[in-house]
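Here's the letter readout for the chains.
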Amino acid sequence: MSRASTRFDTKKVNSELVTLTYGALVAQMIKDLENTEDVSKQLERLGYNMGIRLIEDFLAKTATGRCLDLKDTADKIQSAFRMYLGVQPNVANWSAAGDEFSFILDTNPLTDLVELPDELKHLKYCNIICGVIRGALEMVQLDVQSWIVQDQLKGDQNTEIRVKFIRRLEDAMPAGED
Ligand code: MYR
(Lines give C-alpha, C1' and ligand atoms only; values in the text may rest on other atoms or scores of the structure.)
Protein backbone atom coordinates (compact mmCIF):
# COMPACT_ATOMS: atom_id res chain seq x y z
CA MET A 1 0.00 0.00 0.00
CA SER A 2 1.46 3.37 -0.95
CA ARG A 3 2.23 5.93 1.73
CA ALA A 4 -0.16 8.44 0.18
CA SER A 5 -3.14 6.09 0.40
CA THR A 6 -2.67 5.56 4.13
CA ARG A 7 -2.40 9.26 4.95
CA PHE A 8 -5.37 10.65 6.90
CA ASP A 9 -6.97 13.99 6.31
CA THR A 10 -6.95 14.96 9.99
CA LYS A 11 -9.42 17.82 9.51
CA LYS A 12 -11.94 15.51 7.85
CA VAL A 13 -11.48 12.81 10.51
CA ASN A 14 -12.00 15.40 13.27
CA SER A 15 -15.09 16.77 11.63
CA GLU A 16 -16.52 13.26 11.14
CA LEU A 17 -15.82 12.53 14.78
CA VAL A 18 -17.72 15.69 15.78
CA THR A 19 -20.65 14.68 13.54
CA LEU A 20 -20.81 11.16 14.96
CA THR A 21 -20.33 12.19 18.58
CA TYR A 22 -22.99 14.88 18.34
CA GLY A 23 -25.35 12.47 16.58
CA ALA A 24 -24.87 9.92 19.35
CA LEU A 25 -25.53 12.57 21.99
CA VAL A 26 -28.77 13.70 20.32
CA ALA A 27 -29.88 10.07 19.85
CA GLN A 28 -29.33 9.41 23.56
CA MET A 29 -31.30 12.53 24.53
CA ILE A 30 -34.17 11.45 22.29
CA LYS A 31 -34.19 8.08 24.08
CA ASP A 32 -34.04 9.66 27.53
CA LEU A 33 -36.46 12.54 27.08
CA GLU A 34 -38.84 11.17 24.44
CA ASN A 35 -40.33 14.62 23.77
CA THR A 36 -38.83 16.47 20.78
CA GLU A 37 -39.40 19.91 22.28
CA ASP A 38 -37.61 18.93 25.49
CA VAL A 39 -34.66 17.62 23.46
CA SER A 40 -34.45 20.91 21.53
CA LYS A 41 -34.53 22.86 24.84
CA GLN A 42 -31.93 20.59 26.39
CA LEU A 43 -29.62 21.01 23.39
CA GLU A 44 -29.87 24.79 23.73
CA ARG A 45 -29.12 24.56 27.46
CA LEU A 46 -26.14 22.31 26.84
CA GLY A 47 -24.84 24.79 24.28
CA TYR A 48 -25.35 27.65 26.75
CA ASN A 49 -23.23 25.81 29.34
CA MET A 50 -20.56 25.24 26.72
CA GLY A 51 -20.69 28.88 25.60
CA ILE A 52 -20.10 30.32 29.07
CA ARG A 53 -16.86 28.30 29.21
CA LEU A 54 -15.81 28.53 25.59
CA ILE A 55 -15.71 32.34 25.61
CA GLU A 56 -12.68 32.28 27.90
CA ASP A 57 -10.81 30.03 25.50
CA PHE A 58 -11.84 32.20 22.55
CA LEU A 59 -10.74 35.44 24.21
CA ALA A 60 -7.44 33.90 25.30
CA LYS A 61 -6.64 32.39 21.90
CA THR A 62 -7.57 35.44 19.88
CA ALA A 63 -6.42 38.11 22.35
CA THR A 64 -9.50 39.98 21.24
CA GLY A 65 -10.59 43.27 22.80
CA ARG A 66 -14.09 44.48 23.62
CA CYS A 67 -16.51 44.62 20.70
CA LEU A 68 -17.11 48.09 19.32
CA ASP A 69 -20.63 47.33 18.14
CA LEU A 70 -22.89 44.45 17.10
CA LYS A 71 -21.23 44.26 13.70
CA ASP A 72 -17.91 43.66 15.41
CA THR A 73 -19.53 41.00 17.61
CA ALA A 74 -20.96 39.27 14.53
CA ASP A 75 -17.48 39.22 12.93
CA LYS A 76 -15.97 37.73 16.07
CA ILE A 77 -18.60 35.00 16.28
CA GLN A 78 -17.96 34.33 12.59
CA SER A 79 -14.29 33.69 13.37
CA ALA A 80 -15.31 31.49 16.33
CA PHE A 81 -17.30 29.33 13.88
CA ARG A 82 -14.11 28.92 11.87
CA MET A 83 -12.06 28.06 14.96
CA TYR A 84 -14.42 25.60 16.59
CA LEU A 85 -16.49 24.15 13.73
CA GLY A 86 -14.12 24.67 10.79
CA VAL A 87 -16.75 26.51 8.74
CA GLN A 88 -17.08 30.14 7.75
CA PRO A 89 -20.71 31.29 7.77
CA ASN A 90 -21.79 34.47 6.05
CA VAL A 91 -23.14 37.25 8.22
CA ALA A 92 -26.32 38.46 6.53
CA ASN A 93 -29.91 39.66 6.80
CA TRP A 94 -29.33 42.58 9.16
CA SER A 95 -32.53 44.08 10.52
CA ALA A 96 -33.22 47.72 9.68
CA ALA A 97 -32.63 48.64 13.32
CA GLY A 98 -29.23 46.88 13.25
CA ASP A 99 -30.12 44.73 16.25
CA GLU A 100 -30.57 41.38 14.47
CA PHE A 101 -28.53 39.42 11.99
CA SER A 102 -28.06 35.88 10.72
CA PHE A 103 -25.26 33.43 10.17
CA ILE A 104 -25.79 31.52 6.96
CA LEU A 105 -24.00 28.19 6.74
CA ASP A 106 -23.93 26.29 3.48
CA THR A 107 -22.17 23.38 5.14
CA ASN A 108 -22.60 22.31 8.70
CA PRO A 109 -20.39 19.64 10.25
CA LEU A 110 -23.06 18.82 12.83
CA THR A 111 -25.50 17.69 10.16
CA ASP A 112 -23.23 15.93 7.64
CA LEU A 113 -24.83 12.58 6.73
CA VAL A 114 -27.72 13.23 9.14
CA GLU A 115 -31.32 12.60 8.11
CA LEU A 116 -34.25 13.26 10.39
CA PRO A 117 -37.07 10.74 10.34
CA ASP A 118 -40.59 12.15 10.03
CA GLU A 119 -41.36 11.81 13.72
CA LEU A 120 -38.44 14.15 14.49
CA LYS A 121 -39.27 16.80 11.94
CA HIS A 122 -39.78 19.41 14.66
CA LEU A 123 -36.44 18.71 16.34
CA LYS A 124 -34.11 21.71 16.43
CA TYR A 125 -31.09 19.54 15.85
CA CYS A 126 -28.57 22.39 15.78
CA ASN A 127 -29.98 24.24 18.78
CA ILE A 128 -26.68 23.63 20.58
CA ILE A 129 -25.11 26.33 18.39
CA CYS A 130 -27.80 28.85 19.42
CA GLY A 131 -27.06 28.01 23.05
CA VAL A 132 -23.29 28.42 22.61
CA ILE A 133 -23.81 31.87 21.11
CA ARG A 134 -26.20 32.93 23.89
CA GLY A 135 -23.91 31.62 26.66
CA ALA A 136 -20.72 33.10 25.22
CA LEU A 137 -22.27 36.53 24.68
CA GLU A 138 -23.82 36.58 28.14
CA MET A 139 -20.28 36.37 29.53
CA VAL A 140 -19.39 39.59 27.72
CA GLN A 141 -22.53 41.31 29.03
CA LEU A 142 -24.65 40.86 25.93
CA ASP A 143 -28.11 39.43 26.38
CA VAL A 144 -29.18 37.92 23.05
CA GLN A 145 -31.74 35.51 21.70
CA SER A 146 -30.68 33.03 19.06
CA TRP A 147 -32.76 30.62 17.03
CA ILE A 148 -32.77 28.56 13.86
CA VAL A 149 -34.53 30.12 10.88
CA GLN A 150 -33.57 27.74 8.08
CA ASP A 151 -32.49 24.17 8.48
CA GLN A 152 -30.88 21.94 5.85
CA LEU A 153 -32.25 18.96 7.74
CA LYS A 154 -35.76 20.24 6.93
CA GLY A 155 -34.98 20.65 3.24
CA ASP A 156 -33.82 24.28 3.34
CA GLN A 157 -30.87 25.23 1.18
CA ASN A 158 -28.82 26.61 4.07
CA THR A 159 -28.73 26.61 7.80
CA GLU A 160 -29.60 30.09 9.05
CA ILE A 161 -29.03 31.00 12.68
CA ARG A 162 -30.55 34.27 13.81
CA VAL A 163 -29.17 36.41 16.63
CA LYS A 164 -31.13 39.26 18.22
CA PHE A 165 -29.57 41.74 20.60
CA ILE A 166 -31.83 42.24 23.63
CA ARG A 167 -29.86 44.41 26.04
CA ARG A 168 -26.48 45.09 27.54
CA LEU A 169 -26.18 43.45 30.96
CA GLU A 170 -24.80 45.25 33.99
CA ASP A 171 -21.52 43.85 35.33
CA ALA A 172 -22.37 41.52 38.22
CA MET A 173 -21.64 43.22 41.57
CA PRO A 174 -19.36 41.27 43.91
CA ALA A 175 -21.38 39.84 46.84
CA GLY A 176 -21.99 42.39 49.61
CA GLU A 177 -21.13 45.41 47.50
CA ASP A 178 -24.54 46.47 46.19
C1 MYR B 1 -16.35 41.59 23.83
O2 MYR B 1 -17.14 42.46 23.45
O3 MYR B 1 -15.97 41.60 24.99
C4 MYR B 1 -15.80 40.52 22.88
C5 MYR B 1 -16.91 39.69 22.32
C6 MYR B 1 -16.43 38.44 21.63
C7 MYR B 1 -17.59 37.58 21.26
C8 MYR B 1 -17.17 36.23 20.80
C9 MYR B 1 -18.28 35.25 20.92
C10 MYR B 1 -17.87 33.85 20.59
C11 MYR B 1 -19.09 33.01 20.36
C12 MYR B 1 -18.75 31.60 20.04
C13 MYR B 1 -19.74 30.99 19.08
C14 MYR B 1 -19.22 29.67 18.54
C15 MYR B 1 -20.17 29.06 17.56
C16 MYR B 1 -19.67 27.74 17.07
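Our structure's up above, just so we're on the same page.
These figures come from a predicted structure and were not determined experimentally.

The rules behind these values
The numbers attached to residues start from 1 for each chain and follow its sequence in the written order. Local features in a predicted model are, by the rule used here, given only for residues with pLDDT of at least 70; side-chain atom pairs are given and counted only at 80 or more, and totals for whole chains, interfaces and linings are based on all residues. Only heavy atoms go into the side-chain values, all of them from the structure, while hydrogens and water stay out. For helices the rule is a DSSP run of H or I covering at least 4 residues; for strands it is a run of E covering at least 2, with both sets numbered from the N terminus onward. Accessible area is worked out with a 1.4 Å probe on protein chains only. A residue is then buried under 20% of its type maximum, exposed over 50%, and partly exposed in between. By the convention used here, residues are in contact when the closest approach between their heavy atoms is within 4.5 Å. Computed by Shrake-Rupley with a 1.4 Å probe, the accessible areas treat only the displayed protein chains as cover when residues are assessed. Expected helix span is taken as 1.5 Å per residue step, with the number of steps being one fewer than the number of residues. Side-chain atoms within 4.5 Å link the members of a nonpolar core, which is a set of buried Ala, Val, Leu, Ile, Met, Phe, Trp, Tyr and Cys residues. Orientation is described by axes fitted as lines to C-alpha atoms, over the contacting stretch for helices, and by angles from 0 to 180 degrees between their N-to-C directions. We call two directions roughly parallel when the angle between them is under 35 degrees, roughly antiparallel when it is over 145, roughly perpendicular when it lies between 65 and 115, and oblique otherwise. By the definition used in this description, the sense in which the near helix is turned from the far one sets the handedness, with an anticlockwise turn below a right angle giving left-handed and a clockwise turn giving right-handed. Polarity classes work like this: nonpolar for Ala, Val, Leu, Ile, Met, Phe, Trp, Tyr, Cys and Pro, charged for Asp, Glu, Lys and Arg, and polar for all others, with Gly in that last group. Under the pairing criterion, centres of Phe, Tyr and Trp rings, with the six-membered ring standing for Trp, must be within 6.5 Å; the plane angle then separates stacked pairs below 30 degrees from edge-to-face pairs above 60, leaving the rest tilted.

Visitor: Looking at this structure, I do not really get the overall build of the protein chain. What am I missing?
Guide: Looking only at helices and strands, the protein chain features five helices and four strands. Every one of the 178 residues in the protein chain was classed for burial, and the buried ones make up 39%. A sequence separation of at least 24 residues applies to 58% of the contacts in the protein chain between residues at least 6 apart. For the protein chain, the computed accessible surface area is about 11,200 Å², with 52% contributed by carbon and sulfur atoms.

Visitor: Can you help me understand helix α5 (residues 127–138) in this one?
Guide: Count 3.6 residues to each turn of an α-helix, and residues three or four apart come out pointing the same way. Compared with the 16 Å implied by 1.5 Å per residue over twelve residues, the 17 Å span of α5 between its first and last C-alpha is a close match. Most of α5 sits inside the fold, with ten of its twelve residues counted as buried. Taken together, the buried positions of α5 are N127, I128, I129, C130, G131, V132, I133, G135, A136 and L137.

Visitor: What should I look at first to understand the nonpolar core in this one?
Guide: Among the nonpolar cores identified, the biggest contains 34 residues, and F81, Y125, I129 and I133 are the most heavily contacted of them. Considering every element that reaches this core, the biggest residue donor is α5, with six residues. Setting aside anything within four residues of it in sequence, one finds I129 in contact with F81, L85, L110 and I161.

Visitor: Looking at this structure, I do not really get the packing of helix α4 (residues 70–85) against α5. What am I missing?
Guide: When two helices pack together, their arrangement is given by the angle between their axes and by how far apart the axes lie. Where α4 meets α5, the closest approach of the two axes is 12 Å, and the angle between their N-to-C directions is 125 degrees. Judged by the angle between their axes, α4 and α5 are oblique. The element α4 and its partner α5 pack so that their crossing is right-handed. In this structure, α4 contributes T73, I77, F81 and L85 to the contact, and α5 contributes I129, I133 and L137. Looking at the contact of α4 with α5, its residues break down into six nonpolar, one polar and no charged.

Visitor: Please explain the packing of helix α3 (residues 36–62) against α5 as it appears in this structure.
Guide: Across the interface, α3 lies against α5 with an axial gap of 6 Å and an inter-helix angle of 40 degrees. It follows that α3 is oblique to α5 by the angle criterion. Where α3 crosses over α5, the two elements pack in a sense that is right-handed. Residues S40, L43, E44, L46, G47, Y48, M50, G51, I52, L54 and I55 of α3 pack against N127, I128, C130, G131, V132, R134, G135, A136 and E138 of α5. Residues belonging to the contact of α3 with α5 are distributed by class as follows: eleven nonpolar, six polar and three charged.

Visitor: Where do I start with the packing of aromatic side chains in this structure?
Guide: Each pair of aromatic rings is reported with the distance of its centres and the angle of its planes. On inspection of all chains with the given rule, the structure shows four aromatic pairs. Centroid distance F81 to F103: 5.2 Å. Interplanar angle 50 degrees. Geometry classified as tilted. A residue pair is termed long-range when its members are at least 10 positions apart, and F81 in helix α4 and F103 in strand β2 (residues 100–105) qualify at 22 residues. The interplanar angle of 35 degrees and the centroid separation of 4.8 Å between the aromatic rings of W94 and F101 together place this pair among those described as tilted. Since its relative accessible area comes to 33%, W94 is described here as partly exposed. Using a relative accessible area of 0% as the deciding quantity, one classes F101 as buried.

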